[in-house]
Amino acid sequence: MIEEINRRRSIRKFKAEPVSDEMLLQLVEAGRMAPSAKNRQPWKYIVYKNKPKNELLDAMQKGIEREETKQVLLPGSAFGLMDAKNTLRIMQEASAVMMVENPDGASPFAPLNVDERFKEICDNLSIGASIENILLEGVSLGLGTLWIANTCFAYPELMEFCKFSGQLIGAIAVGYPAENPAQRPRKPIQDIIEFR
């Protein structure tokens, strides 16, 4: 597995070749096997391809446009809108887009008490583990992936389009890579570990 960990890259250019449903099922199976807090398994993956994917991305485009011009929900994050537009291009190029939902999660715009906040933290850690399993399985299958958080700029539009009742966590773009980027720099190990 260390080989897949070292080879995994965030892919931002994809070939036009479609990814089979069987391979997409293998990715989700890998995600399903992740550990989760209290074994809640707080994840659901909705796979969009072809015309439904285009409609999904139209909803995301509308959300980005709203965020730029009308009802701004994330004023402190406006610097990220250009990156969100690039992410939209990447999602359009990908063979499939997996939307990630926590069916039991709450809206990020809703207030939470302390117990709810800790549950949300645990669920998000669990979902992150599930997503990483998917990304690593993608490497083993020769696929490229990109986990995406820029869905936040179109949160209401994507929630409505996907008919989610829980919490939209993000998305994963999946396809055959059309690039082989070098590994991005990592912090030195001595900066991220402390023995006590």
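Everything discussed here concerns the structure shown above.
Predicted model only: the values in this text are computed from it and were never measured.

Reading the values: rules and limits
Residues numbered from 1 in each chain as written. Predicted model: local features only at pLDDT ≥ 70, side-chain atom pairs only at ≥ 80, totals over all residues. Heavy atoms only, no water. Salt bridge = Lys/Arg side-chain N within 4 Å of Asp/Glu carboxyl O. Buried < 20%, exposed > 50% of the residue type's maximum accessible area, 1.4 Å probe, protein only. Axes fitted to C-alpha atoms, helices over the stretch in contact; angles between N-to-C directions. Helix = DSSP H or I, 4+ residues; strand = E, 2+ residues; numbered from the N terminus. Parallel < 35°, antiparallel > 145°, perpendicular 65-115°, else oblique. Left-handed = near helix turned anticlockwise from the far one by under 90°. Contact = heavy atoms within 4.5 Å. Nonpolar A, V, L, I, M, F, W, Y, C, P; charged D, E, K, R; others polar. Phe/Tyr/Trp six-rings, centres within 6.5 Å; stacked < 30°, edge-to-face > 60°. Expected span 1.5 Å × (residues − 1).

Q: Outline the pattern of salt bridges, supporting the account with residue identities and numerical values.
A: Summed over all chains, the structure comprises 12 salt bridges. With a shortest N-O distance of 2.7 Å, Glu 67 and Arg 66 are connected by a salt bridge. Exposure class is identical for Glu 67 and Arg 66. Each is buried. For Arg 89, the salt bridge is made with Glu 93, and the minimal N-O distance between the two is 3.2 Å.

Q: So what's going on with the packing of helix H3 (residues 50-69) against helix H6 (residues 155-162)? Residues and values would help.
A: Relative orientation of the contacting elements H3 and H6 amounts to 155 degrees, with a least axis distance of 7 Å. When the axis of H3 is compared with that of H6, the two are roughly antiparallel. Seen from above, H3 lies across H6 with right-handed handedness. Here H3 contributes Pro 52, Glu 55, Leu 56, Ala 59, Met 60, Lys 62, Gly 63 and Arg 66 to the contact with H6, which in turn contributes Pro 156, Glu 157, Leu 158, Phe 161 and Cys 162. Considering only residue class, the contact of H3 with H6 consists of 8 nonpolar, 1 polar and 4 charged.

Q: Give me the lowdown on the packing of aromatic side chains, citing residues and values where you can.
A: All chains considered together, the criterion is met by 2 aromatic pairs. With centroids separated by 5.8 Å and ring planes inclined at 45 degrees, the aromatic side chains of Tyr 48 and Phe 161 adopt a geometry described as tilted. Taken together, the residues span a long stretch of sequence, with Tyr 48 in strand E1 (residues 44-49) and Phe 161 in helix H6 at a distance of 113 residues.

Q: Pulling in residues and values, what's your account of H3?
A: Look at H3: 29 Å from first C-alpha to last across 20 residues, which is about the 28 Å you get at 1.5 Å a residue. Those residues of H3 lying buried are Lys 53, Leu 56, Leu 57, Ala 59, Met 60, Gly 63, Ile 64, Arg 66 and Glu 67. Buried residues in H3 make contact with E1, helix H4 (81-93), strand E2 (96-102) and H6.

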